[in-house]
Amino acid sequence: MLNQFLPMFFITFSVFALFFLCLGVGYLVKKQPLKGSCGGVANLMGDEFCQFCGNDPNKCDQMSNEKDAIGEKAKTLAKAV
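So, how was this worked out
Residues numbered from 1 in each chain as written. Predicted model: local features only at pLDDT ≥ 70, side-chain atom pairs only at ≥ 80, totals over all residues. Heavy atoms only, no water. UniProt positions renumbered as here; feature names shortened; annotations may be inferred. Helix = DSSP H or I, 4+ residues; strand = E, 2+ residues; numbered from the N terminus. Expected span 1.5 Å × (residues − 1).

The protein chain is annotated in an unreviewed UniProt entry as (Na+)-NQR maturation NqrM of Moraxella macacae 0408225.

**Digging into the UniProt feature "transmembrane region" (unreviewed entry) in the protein chain**
Residues annotated in UniProt with the feature "transmembrane region" (unreviewed entry) correspond here to residues 6–29. As annotated, residues 6–29 comprises 100% helix and 0% strand, and the C-alpha atoms at either end are separated by 34 Å.

**Regarding helix 1 (residues 2–30)**
Taking 1.5 Å per residue as the helical rise, helix 1 with its 29 residues ought to reach 42 Å, and the 42 Å between its terminal C-alpha atoms agrees with that figure. Immediately downstream of helix 1, the backbone of Lys31 shows phi near 60°, a positive value.

Shown next as structure tokens:
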């Protein structure tokens, strides 16, 4: 029984570890919080608005664009120094 359990355990653990590694790399690249549908599960739990965008789906995109603009400005200033 143990001969069947250990390989399956290591395969399952490796898949989960790879999944979380990809999530971490994705977060480092995009610098955005993980988000689902606006108000999907939150509405079921009693929350009335999305904690990230306040039910404005364009707000998260706008904040991302502002962060990108600040990053570009920082790169420009770093090159000037």
